[in-house]
Amino acid sequence: MGNNNELSLMDKVISLSKQRGFVFQSSEIYGGLKSAYDYGPLGVELKRNLMNEWWRSMVHEREDVTGIDASIIMHSKVWQASGHLAGFSDPLVDCLISKERFRADKAPRPQPGDELPITCTDKGQAKDYQAAILKRFNIELRRKGKILEGLKAIDDNSFGFFDKDSDSAKETFSYSGYVSPTFGSPFLSDERQFNLMFRSQIGPVDVLGEITSYVEKNQEKDGKEIRKGIEDIVKKSAVYLRPETAQAMFVQFLNCQQSMSMKIPFGIAQMGKSFRNEVTVEHFIFRSCEFEQMEMEYFVEPGTQKDWLEYWRDKRMEWWQSFANNPDKFRYRSHEKDELAHYADACYDIEYEYPWGFDELEGVASRTDYDLKKHAEHSGAKLSFFDQQKQDPETGKNGWRYTPFVIEPAAGATRGLLVYLLDAYHEETVPDAEGNESSRVVMKLHPRLAPMKAAVLPLVKKEGLPEIAREIVSDFFKAGINTRYDEQHSIGKRYRRHDEAGTPYCITVDGQTKEDGTVTIRDRDTMHQERISKDQALQVVRNRLMES
RNA sequence: GCGAAAGUAGCUCAGCUGGUAGAGCAUAACGUUGCCAACGUUAGGGUCGUCGGUUCGAAUCCGAUCUUUCGCUCCA
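Residues numbered from 1 in each chain as written. Chains lettered and ligands numbered in written order. Predicted model: local features only at pLDDT ≥ 70, side-chain atom pairs only at ≥ 80, totals over all residues. Heavy atoms only, no water.

1. Notes on the sheet that holds strand β7 (residues 118–119)
Sheet strands pair via backbone hydrogen bonds, and the direction of the pair is either parallel or antiparallel. Sheet architecture is open: 3 strands sit in the order β7-β9-β8, paired in antiparallel fashion. Either end of the sheet is taken by a strand with one partner, and the two such strands are β7 and β8 (142–144). Pairing geometry for β7 and strand β9 (residues 147–149), over 2 bridges, is antiparallel. Looking across to β9, one finds that Thr119 is bridged to Ile147. (Pairing = 2+ DSSP bridges. Helix = DSSP H or I, 4+ residues; strand = E, 2+ residues; numbered from the N terminus.)

Rendered as structure tokens:
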């Protein structure tokens, strides 16, 4: 049962994470907090190294990408424009076919006997929806241009699928008496109160006081009215923690573009925490309410988005694989038409084969011009780009003003950390002091990701060896290389401990060091030792880190 | 959100049908050894997830609650 082994890999990684100090549960001494994790002494280093590598490859090594670090709390209008904040008191409904989300109380209500045509934006979309409905509900609607026909409302609670000119329904479905406003689709999810974002309040005034006096004064009103009144009070000071880092790049599009004189195509990158009240949290740090993202919005000329999507998909895939022991465990998967978000025209997920199967690690989405247009509309700002070199395709005149399309590689930093912990975990059989078989656990983290780059170990803690070792450590400290001095326990034990921590190089000071100034450097993965001059130790480690 | 299982030392776990907790590893000190999980001696560490109930007496039985894992559901 491969599955059993896979599950225990997860257990082993979780256990090692705690024992060695990669990941702890949040607030553990108080019983733990649901889905919140703390990154321990090694975890914080690993996470930072991973994120710094991302930043290096996305921002520092590119002329066409610039970075920002926006505040986690943003104006609530940002979330209105983006569609995240559709209204936290209004029941929302999703169209199962078009993914459109709307307010149930604003939806059109057909009369019994009315035809229920599904009106698409074009013929291609009609074909896609026709196929999606067939797949999901097993009925084939008749397509007439961009309209899908065959559905009729029976009463307020049900509708049916009718053959042409037939009065008896072939299939009946229950529904809530309304259809989606844009497409007219009756295939809808249940009504839900949506509050995926973490709401908080800005300003020191206690809103509860205002609410209390409002309720006292309005006791005769019914529940719905009171809720509305409370909402109005809350809304005045409500702010939301960002559910994704992306929106800041759209909101600061102009500032970034102008201050850095960026020309299309260019990107804005950001790393940081995001917060979502997830319905389900699962798989250790894979899905949690507080998580860390590494996102970049790459703005391109309309029409070129497909090429750029593929470019970034490949670029990002290459990056993930470059740090992995098992590059084969990564793959990408194109989103089906019916799983695309409403704003996207294409999307690839970069997936990793976790112990529970392939699952998302990064999404590379073609977000069209949806976000910039929405923010332009809501804010009144002119979120467009003027290219003097290009001709306007409509007028043929020189100079073209357009709203850029966006390609978004959005990676989960905390997911990446999990991926590399899983990828690094190895159990090996190696000979012990007597030449017998013994096992070792080694975290084969990429040297540039490893929390500690080197450990300096005196063979014994006397005869002047600790002093020499400490001199070497201090050279490493000055060079900014995270290094640890370690004299506890036998040398073999120290090697094994650093294997588990993923430290790539162990430098050992022994008796010979005093005679000829040489030390040994041990490679974590091969366990091979080489004798080098102690004065060169720093340079050797540096070179190996650069080459890795 | 629903269903199932679990929670005992830092970790992995034992503790049968109720009689106030143990092992291995880990940690600390000393001695000996000195290149791949050494040995000896000693020490520290647990109000058995939390709260409540039954009982002379609860890790053990009952209830609630929190957390974790798995499966379904959900996931802009």
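Right, picking up where we left off after that structure.
2. Points about the confidence of the model for chain A
The predicted coordinates ought not to be read in detail in places where the model reports low pLDDT. Of the residues in chain A, 95% reach a pLDDT of 70 or more, and the chain-wide mean stands at 87. When mean pLDDT is taken per element in chain A, strand β3 (residues 65–67) scores highest with 97 and strand β13 (residues 192–193) scores lowest with 64. When the criterion is pLDDT under 50, residues 1–7 qualifies, and its contacts beyond four places in sequence or with other chains add up to 2 contacts. Reported confidence for the predicted complex is 0.83 by ipTM and 0.83 by pTM. (pLDDT = per-residue confidence, 0-100. Contact = heavy atoms within 4.5 Å.)

3. Focus on the sheet that holds strand β15 (residues 238–241)
Strand order in the open sheet formed by 3 strands is β4-β15-β14, with antiparallel pairing between adjacent strands. Pairing within the sheet leaves two strands with one partner each, and these edge strands are β4 (73–74) and β14 (199–201). Where β4 meets β15, 2 bridges bridge the pair, whose relative direction is antiparallel. Bridge pairing links Met74 to Tyr240 in β15. Sitting on the sheet, helix α6 (residues 223–237) is in contact with β14 and β15, with an inclination near 65 degrees to β15. (Axes fitted to C-alpha atoms, helices over the stretch in contact; angles between N-to-C directions.)

4. Some remarks on the pattern of salt bridges
Counted by the stated rule, this structure contains 31 salt bridges. A salt bridge links Asp314 to Arg313, with the nearest nitrogen and oxygen atoms 3.0 Å apart. Given the relative accessible area of 35%, Asp314 is considered partly exposed. You can call Arg313 buried: its relative accessible area is 9%. Salt bridges here are not isolated pairs; linked through shared partners, they connect Glu428, Arg440, Lys444, Asp499 and Arg522. (Salt bridge = Lys/Arg side-chain N within 4 Å of Asp/Glu carboxyl O. Buried < 20%, exposed > 50% of the residue type's maximum accessible area, 1.4 Å probe, protein only.)

5. Regarding helix α12 (residues 465–478)
Across its 14 residues, α12 extends 20 Å between first and last C-alpha, which sits within 8% of the 20 Å expected from 1.5 Å per residue. For α12, every residue scored as buried is listed here: Leu465, Pro466, Ile468, Ala469, Ile472, Val473 and Phe476. The buried residues of α12 all sit within an arc of 160 degrees when viewed along its axis, so they share a single face. Residues of α12 that are exposed and point more than 90 degrees away from the buried face comprise Glu467 and Lys478. Those residues of α12 that are buried are in contact with β26 (454–458), β27 (483–485), β28 (505–509), α14 (511–516), β29 (518–523) and α15 (537–547). A positive phi of about 75 degrees marks Gly480, the residue just after α12. (Expected span 1.5 Å × (residues − 1). Arc of directions from axis to C-beta.)

6. Concerning the packing of aromatic side chains
Each aromatic ring pair is summarised here by two numbers: the centre-to-centre distance and the angle between the ring planes. Throughout the structure, instances matching the rule amount to 28 aromatic pairs. Ring centres of Phe159 and Tyr175 lie 5.2 Å apart, and the angle between their planes is 80 degrees; on these two criteria the pair is classed as edge-to-face. Here Tyr175 lies in the loop between β12 (169–174) and β13 and Phe159 lies in strand β11 (residues 158–162), a separation of 16 residues in the sequence. When sorted by exposure, Phe159 lands in the same class as Tyr175, which is buried. (Phe/Tyr/Trp six-rings, centres within 6.5 Å; stacked < 30°, edge-to-face > 60°.)

7. A short note on the nonpolar core
Trp54, Met294, Trp320, Phe330 and Tyr420 are the most contacted members of the largest nonpolar core, which has 58 residues in total. In this structure, Val78, Tyr214, Val234 and Leu372 belong to the second largest nonpolar core, which totals 32 residues. (Core = buried A, V, L, I, M, F, W, Y, C linked by side-chain atoms within 4.5 Å.)

8. A word on helix α11 (residues 413–424)
Because an α-helix completes one turn every 3.6 residues, residues spaced three or four positions apart along the sequence face the same direction. Between its terminal C-alpha atoms α11 stretches 16 Å, which fits the 16 Å expected from 12 residues at 1.5 Å a residue. Burial of α11 is extensive: 12 of the 12 residues sit out of reach of the surface. Buried residues of α11: Ala413, Thr414, Arg415, Gly416, Leu417, Leu418, Val419, Tyr420, Leu421, Leu422, Asp423 and Ala424, and no others.

9. Section: the pairing of β11
Most of β11 is tucked away: 5 of the 5 residues are buried. Residues Ser158, Gly160 and Phe162 of β11 are buried on one face, and the alternating residues Phe159 and Phe161, pointing to the opposite face, are buried as well. Here 3 bridges tie strand β10 (residues 151–153) to β11, and the two strands are oriented antiparallel to one another. Bridging across to β11, Lys152 finds its partner in Gly160. The antiparallel pairing of β10 with β11 creates a hairpin that spans 4 residues between the two strands. Between β11 and β12, which pair antiparallel one after the other, the connecting turn spans 6 residues, and Asp165 there sits at a positive phi close to 60 degrees.

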